[in-house]
Amino acid sequence: MSSPAPSTLRARLAAVLPDTAPWRSSRDFRLLWGQGLVTYFASAMAMVALPLQIKELTDSPLAVGAMGAVELVPLVVFGLYGGALADAVDRRRVIVATEAGLGLLALLLLGNALLDEPLLWPLYVVAAGVSALAGLQRPALDSLLARIVPHEQQTAAAALNSLRWQLGAIAGPSLAGVVVAYAGHAPAYAVTLAGFAASVLMCRRLSPAPPAHDAEKPSLRSIAEGARYAWSRPVLLGTYAIDLAAMVFAFPNAVFPFLADELDAPWSLGLMYAAGSVGSLVLGLTSGWTSKVRRHGLLVAGGAAGWGLAIAGAGWFGNVWLVLLCLAFAGAGDMLSGLGRSTIWNQTIPEELRGRLAGIEVLSYSVGPQLGQVRAGVMAGWTGTRTAVWAGGVACVASVGLLCLALPKLLRYDSATDEDALRRKAQQETAAAAGARAAPNAHPVAGGGGGGGVTGPPPPRRQPWSSSGLGWSCQRGSVPHSRLRSRAVSMAWEASSRVA
């Protein structure tokens, strides 16, 4: 039997492997992708060291969990304000300023760790400050992607960014744990500081991203305008509602320690936290086909339903290896839904509202996991751990089905025919043409409303999502930074509980 011709084999691989078009076409995308990789690993050091340092100073699980409480309100408040700010000022300036601020907070942690007797209160101050700066930065980062990557490459860009995130989610905390265990907190914070110093230098090389000429100043009125636009678009409402429902009903990370014990496999706890990232990584490595999808609403709903079904399986099965396999499938489903959401957002939201809607997105994917952890913990106390997990998965699938019935336009979304998508595409092409006329010797890549189209040579490209690291840098792939941080906090909580 003859083997496939080399050209046929290459074509088959190209249909499966990630689409690198955004990497080739956009210099700014490459900068953000590389900067995010650097700061992800650097911020992982602080993400692991900070809760563990609180544990060492207090020996209290409650004190470790309180870090999440002090982070939530600043993230919500500054996330909404950051969305309005991203529409009113140069987004590059916002990104550089917040990265520099995060570096200063890392310096504060380093100074505190070098004291003979480190203080507790600065750790909470830094946690709240990181959350506030992340809220300010995320909308600017997320809204920048729609400007620097061409309309038809948004799914590819989201998959590339997600791939970077999943690699970081698996390797970053593992490396951080080794550094903290063998070198201590101060060296870990020093690595974080160095990472943000490098990040600021890379962000300064980004092209300017000025707002529209008639952009409103940040205000409650401008934030409300963004909220009214989102409410008037059933497709957008569907992406927010489905993601929120999936997280509230089927985010069981808080009960993983108890699930591992019920399965008589306490050794599997770390694998449970990592399994979702492994599944997302596998999907990312085989995501080439998603670049050809036009019905992205189907990805949102199908991925969320798959997530819920897999979580239900993780609670139902009594074999630990089947549970881990289900959690990996859940991670793949979450990433698939995330690719659909990010593509719809970047393909349909007008440039002049992109920042404010990105601020709303921060609420969409930060509040859900927090409420999901509460739901899982409370229900586990009433019904038992495994019932809380599988029932939450079933509720997720049911809620996705009901939301699809209530918002049918989401399933009918087609990037080739949707009015908002066509309007946004024309807006982007107009800005790119204007940029080409202004700089005839440059290579236009992708434009945005209000000027500031990105130019650069035509070499390699791939796809991003946002850039920076987690919590410390607010990057996002298919799995939001709040979800990844929730995993880390849950792991720290479990470690402190066992010691206590």
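What you are looking at is a predicted structure, and each value in this text was computed from that prediction instead of being measured.

Novice: Can you explain the overall build of the protein? Please cite residues and give values.
Specialist: Assigned secondary structure in the protein consists of 19 helices and two strands. A separation of at least 24 residues holds for 86% of the contacts in the protein among residues at least 6 apart in sequence. With the model as given, the accessible surface of the protein reaches about 19200 Å², and the carbon-plus-sulfur share is 69%.

Novice: Give a description of the packing of aromatic side chains that names residues and reports values.
Specialist: Going through the model one piece at a time under the given rule, you end up with six aromatic pairs. Judged by centre distance (5.8 Å) and plane angle (35°), the ring pair of Y240 and W345 falls under tilted. A residue pair is termed long-range when its members are at least 10 positions apart, and Y240 in helix 10 (residues 234-250) and W345 in helix 14 (residues 320-348) qualify at 105 residues. As far as burial versus exposure is concerned, Y240 and W345 are alike and both buried. Measuring from centroid to centroid gives 5.5 Å for F256 and Y273, while their planes differ by 65°, and the two rings are edge-to-face. Of this pair, F256 sits in helix 11 (residues 256-262) while Y273 sits in helix 12 (residues 269-285), and the two are 17 residues apart along the sequence. Like Y273, F256 is buried.

Novice: So, helix 14: which residues are in play, and what are the values?
Specialist: Here helix 14 contains 29 residues, and its C-alpha end-to-end distance of 42 Å stays within 8% of the 42 Å for a straight helix at 1.5 Å per residue. Burial runs high along helix 14: 25 of the 29 residues are buried.

Novice: Residue-level account of the side chain of D87, with values.
Specialist: Looking at where D87 falls in the secondary structure, it is placed in helix 4 (residues 61-88). A distance of 3.2 Å separates a polar atom in the side chain of D87 from a polar atom in the side chain of R91.

Novice: Tell me about the environment of E99, residues and numbers included.
Specialist: By the element assignment, E99 lies in helix 5 (residues 91-113). In this structure the C-alpha to C-alpha distance between E99 and T39, which are 60 residues apart in sequence, comes to 9.5 Å.

Novice: Tell me about unusual backbone geometry, and name the residues and values.
Specialist: Unusually for a residue other than glycine, D264 sits at a positive phi of about 55°. For D264, the location among the structural elements is in the loop between helix 11 and helix 12.

Novice: Explain the packing of helix 13 (residues 296-316) against helix 16 (residues 385-406) to me, and be specific about the residues and the numbers.
Specialist: Their axes nearest at 7 Å, the elements helix 13 and helix 16 cross at an angle of 160°. As judged from the angle between their axes, helix 13 and helix 16 are roughly antiparallel. The interaxial crossing formed by helix 13 with helix 16 has left-handed handedness. Packed against helix 13, whose contacting residues are A301, A304, A305, W307, G308, L309, I311, A312, A314, G315 and W316, the element helix 16 presents R386, V389, W390, G393, V394, C396, V397, V400 and C404 at the interface.

Novice: Talk me through the pattern of salt bridges; I want residue IDs and the actual numbers.
Specialist: In this structure the tally under the stated criterion is eight salt bridges. Between R233 and D420 there is a salt bridge whose closest N-O contact spans 2.9 Å. Here R233, found in the loop between helix 9 (220-231) and helix 10, pairs with D420, found in helix 18 (residues 419-438); they are 187 residues apart in sequence, far enough to count as distant. Across the salt bridge formed by R341 and D243, the nearest N and O atoms sit 3.4 Å from each other. Of this pair, R341 sits in helix 14 while D243 is found in helix 10, placing the two residues 98 residues apart along the sequence. Each member of the pair, R341 as well as D243, is classed as buried.

Novice: Report on the environment of H151, specifying residues and quantitative values.
Specialist: Inspection of the secondary structure puts H151 in the loop between helix 6 (121-148) and helix 7 (154-183). If we ignore the near neighbours within four places in the chain, the residues touching H151 are Q347, A421, R424, K425 and Q428.

Novice: I'd like a description of the nonpolar core, backed by residues and values.
Specialist: Counting 50 residues, the largest nonpolar core has F29, L50, I54 and Y189 as the members making the most contacts within it. The contact partners of Y189, leaving out residues within four places of it in the chain, are A46, A49, L50, Q53, A106, L109, L110 and A113. Core analysis: the next-biggest nonpolar cluster, separate from the first, contains 49 residues, I242, L259, V323 and A330 among them.

Novice: Break down the environment of G101 for me, with residues and values.
Specialist: Residue placement: G101 occurs in helix 5. Assessed through its relative accessible area of 16%, G101 is described here as buried. With 28 residues separating them in the primary sequence, G101 and G129 have C-alpha atoms 8.9 Å apart.

Novice: Got a sec to walk through the packing of helix 10 against helix 16? Specific residues and values, please.
Specialist: Axis separation between helix 10 and helix 16 bottoms out at 8 Å; the angle between their running directions is 165°. Compared by their axis directions, helix 10 and helix 16 come out roughly antiparallel. Read as a crossing pair, helix 10 and helix 16 show a hand that is right-handed. Contacts from A241, I242, A245, A246, F249 and A250 in helix 10 reach G392, G393, A395, C396, S399, V400, L403 and C404 in helix 16. Split by residue class, the contact of helix 10 with helix 16 holds 11 nonpolar, three polar and no charged.

Novice: Can you break down the side chain of N112 residue by residue, with the values?
Specialist: Inspection of the secondary structure puts N112 in helix 5. From its side chain, N112 meets the backbone nitrogen of L119 in a polar contact 3.0 Å long. Among all residues touching N112, those that are not within four sequence positions of it are Q53, P118, L119, P122 and L123.

Novice: Explain the confidence of the model for the protein to me, using residue names and the numbers behind them.
Specialist: When pLDDT is averaged along the protein, the result is 79, and 81% of the positions lie at 70 or above. When the criterion is pLDDT under 50, residues 440-500 qualifies, and its contacts beyond four places in sequence or with other chains add up to 272 contacts.

Novice: Can you tell me about a nonpolar patch on the surface, naming the residues and giving the values?
Specialist: On the surface, W316, F317, L322, L325 and F329 cluster together into a nonpolar patch covering about 540 Å² of accessible area. Broken down by element, the nonpolar patch gets its largest block of residues, three residues, from helix 14. Exposure remark for L322: the relative accessible area of 38% places this residue in the partly exposed category.

Conventions used here
- Here, residues in each chain are numbered from 1, in the same order as that chain's written sequence.
- pLDDT decides what is reported in this predicted model: residues at 70 or higher carry local features, side-chain atom pairs at 80 or more are listed and counted, and totals for whole chains, interfaces and linings draw on all residues regardless.
- Derived side-chain values reflect all non-hydrogen atoms in the structure, with water molecules and hydrogen atoms excluded from consideration.
- Runs of E in the DSSP output that reach at least two residues are strands. Runs of H or I that reach at least four are helices, and both are numbered from the N terminus.
- Contacts are assigned to residue pairs that have any heavy atoms within 4.5 Å of one another.
- Each accessible area is a Shrake-Rupley result for a 1.4 Å probe, and residues are judged covered by the shown protein chains and nothing else.
- Think of it this way: a Phe, Tyr or Trp ring, Trp meaning its six-membered ring, pairs with another when their centres are within 6.5 Å, and the plane angle makes it stacked under 30 degrees, edge-to-face over 60, tilted otherwise.
- Only protein chains enter the calculation, and the probe is 1.4 Å; a residue is then buried if its accessible area is under 20% of its type maximum, exposed if over 50%, and partly exposed in between.
- What a helix is expected to span follows from its residue count: subtract one and scale by 1.5 Å.
- Polar contacts, as counted here, are pairs of nitrogen or oxygen atoms within 3.5 Å of one another; within protein the pair requires one atom able to donate a hydrogen and one able to accept it, and residues that are adjacent in sequence qualify only if both atoms are side-chain atoms.
- Lines fitted to C-alpha atoms define the axes here, with helix axes fitted over just the stretch in contact, and angles between the N-to-C directions of these axes take values from 0 to 180 degrees.
- Each angle is binned into one of four classes, with values under 35 degrees roughly parallel, values over 145 roughly antiparallel, values of 65 to 115 roughly perpendicular, and all other values oblique.
- Left-handed is the label given to a crossing in which the near helix is rotated counterclockwise from the far helix by less than a right angle, and right-handed is the label when the rotation is clockwise.
- By convention in these notes, a salt bridge is any Lys or Arg side-chain nitrogen within 4 Å of a carboxyl oxygen on Asp or Glu.
- We define the nonpolar core as a collection of buried residues of types Ala, Val, Leu, Ile, Met, Phe, Trp, Tyr and Cys that are connected through side-chain atoms lying within 4.5 Å of one another.
- Classification used: nonpolar for Ala, Val, Leu, Ile, Met, Phe, Trp, Tyr, Cys and Pro, charged for Asp, Glu, Lys and Arg, polar for all others including Gly.
- On a range of 0 to 100, pLDDT expresses the predictor's confidence in each residue.
- Nonpolar side chains (Val, Leu, Ile, Met, Phe, Trp, Tyr) within 5 Å and like charges within 9 Å form the patches, drawn only from residues with over 30% relative accessible area and no salt bridge.

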